[in-house]
Amino acid sequence: MKALAVVMMAGMILGSQVAKADGFICEDYDQTLKIKVFHNVMAKKGTRNAAKLIVSDPRVANGRKTIATFDQADGLLTSKELVYTADVDLRYKNSSRKGELIGGTKLGEIDFIELFVDFSYNQPLKNFEEADAFLRLTKRSGKELEIDLVCARYLKN
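Quantities reported herein were computed from a predicted structural model and do not represent experimental measurements.

**Overview of the overall build of the chain**
Point 1. For the chain, the count of helices and strands is 1 helix and 11 strands.
Point 2. Helices and strands in the chain line up, N terminus first, as α-β-β-β-β-β-β-β-β-β-β-β.
Point 3. Across the 157 residues of the chain, 33% fall into the buried class.

Okay, here's the thing in structure tokens:
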């Protein structure tokens with residue numbers, strides 16, 4: 001009986017430190033741009049904080065779809081509430097394809113990318129329920145471009 005209690009306690013402790021993966025999979029209305037954002041799964045890092053943001057072009061052949069990847073671990077991705085900010089730093093391999101287009105703008109011309117999702121944890125969405133969103137591209141020149149998106153909530157079982 002004591003062994004069972006120890007195993008159950010260990011499971012509760014470990015279960016509280018690792019959460020299920022979640023995030024959003026977003027696409028523009030022309031289906032020329034896909035944004036995926038995934039949250040941390042480690043409780044000590046904050047499970048509502050973004051770990052990775054991936055920008056891709058669904059029209060391109062497999063193996064070349066990904067335009068850029070931004071990681072919190074590299075310091076290129078931050079999040080506050082449901083605003084995700086990716087710093088385009090061409091020195092990093094995962095975001096160095098400066099000639100690739102995002103919303104008609106070359107990656108090399110973009111200073112940072114912001115994803116705004118109309119979502120609240122007070123009224124959570126089920127897996128693949130949709131929410132409105134938009135992407136703001138801020139160019140190095142200071143000019144801004146906004147792209148409307150629809151995002152589906154991603155919840156891993």
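What follows continues from the structure just given.
**Here's the deal with the pairing of strand β9 (residues 110-117)**
Point 1. The buried fraction of β9 amounts to 6 of the 8 residues, a majority that puts the element mostly inside the structure.
Point 2. Looking at chain direction, strand β6 (residues 83-87) and β9 are connected through 5 bridges and run antiparallel. Among the inter-strand pairings, Asp-87 is bridged to a residue of β9, identified as Phe-112.
Point 3. Relative to strand β10 (residues 130-139), β9 is paired through 7 bridges, and the arrangement is antiparallel. Within β10, the position partnered with Ile-113 by the bridge is Leu-137.

**Re the environment of Phe-116**
Point 1. For Phe-116, the location among the structural elements is in strand β9.
Point 2. A relative accessible area of 17% means that Phe-116 is categorised as buried.
Point 3. Sequence spacing of Phe-116 and Ala-133 is 17 residues, and the spatial spacing of their C-alpha atoms is 5.4 Å.
Point 4. When residues no more than four places from it in sequence are discounted, the contact partners of Phe-116 are Leu-82, Val-83, Asp-132, Ala-133, Phe-134 and Arg-136.

**A short note on the pairing of β10**
Taken residue by residue, a regular strand's side chains alternate between the two faces of the sheet.
Point 1. Pairing of β10 with strand β11 (residues 144-155), which is carried by 9 bridges, proceeds in the antiparallel orientation. Residue pairing across strands places Leu-135 opposite Ile-147, the latter belonging to β11.
Point 2. Once β10 ends, the chain turns through 4 residues before running back antiparallel as β11, passing Gly-142 with a positive phi of about 100°.

**Section: the pattern of salt bridges**
Point 1. Counted according to the given criterion, the structure contains 10 salt bridges.
Point 2. One salt bridge connects Glu-114 with Arg-136, and the closest N-O pair in it is separated by 3.4 Å. Placement of Glu-114 in strand β9 and of Arg-136 in strand β10 is noted, with a sequence separation of 22 residues between them.
Point 3. As a salt-bridge pair, Arg-136 and Glu-144 come within 3.8 Å of each other at their nearest N and O atoms.
Point 4. Look at the salt bridges and you will find they share partners, linking Glu-114, Arg-136, Glu-144 and Glu-146 into a network.

**Describing the sheet that holds strand β1 (residues 22-28)**
Point 1. Read across the sheet, 9 strands follow the order β4-β3-β2-β1-β11-β10-β9-β6-β5 without closing on themselves; strand pairing throughout is antiparallel. The sheet is open, and its two edges are formed by β4 (66-71) and β5 (77-80), each paired on a single side. For this sheet, the mean inter-axis angle between neighbouring strands, taken without regard to orientation, is 20°.

**Examining the nonpolar core**
Point 1. Counting 32 residues, the largest nonpolar core has Phe-70, Tyr-84, Ile-113, Leu-115 and Val-117 as the members making the most contacts within it.
Point 2. Here Val-117 is in contact with Phe-24, Leu-82, Tyr-84, Ala-131, Asp-132, Ala-133 and Cys-151, once residues within four sequence places are set aside.

Scoring rules and cut-offs
Residues numbered from 1 in each chain as written. Predicted model: local features only at pLDDT ≥ 70, side-chain atom pairs only at ≥ 80, totals over all residues. Heavy atoms only, no water. Helix = DSSP H or I, 4+ residues; strand = E, 2+ residues; numbered from the N terminus. Buried < 20%, exposed > 50% of the residue type's maximum accessible area, 1.4 Å probe, protein only. Pairing = 2+ DSSP bridges. Contact = heavy atoms within 4.5 Å. Salt bridge = Lys/Arg side-chain N within 4 Å of Asp/Glu carboxyl O. Axes fitted to C-alpha atoms, helices over the stretch in contact; angles between N-to-C directions. Core = buried A, V, L, I, M, F, W, Y, C linked by side-chain atoms within 4.5 Å.

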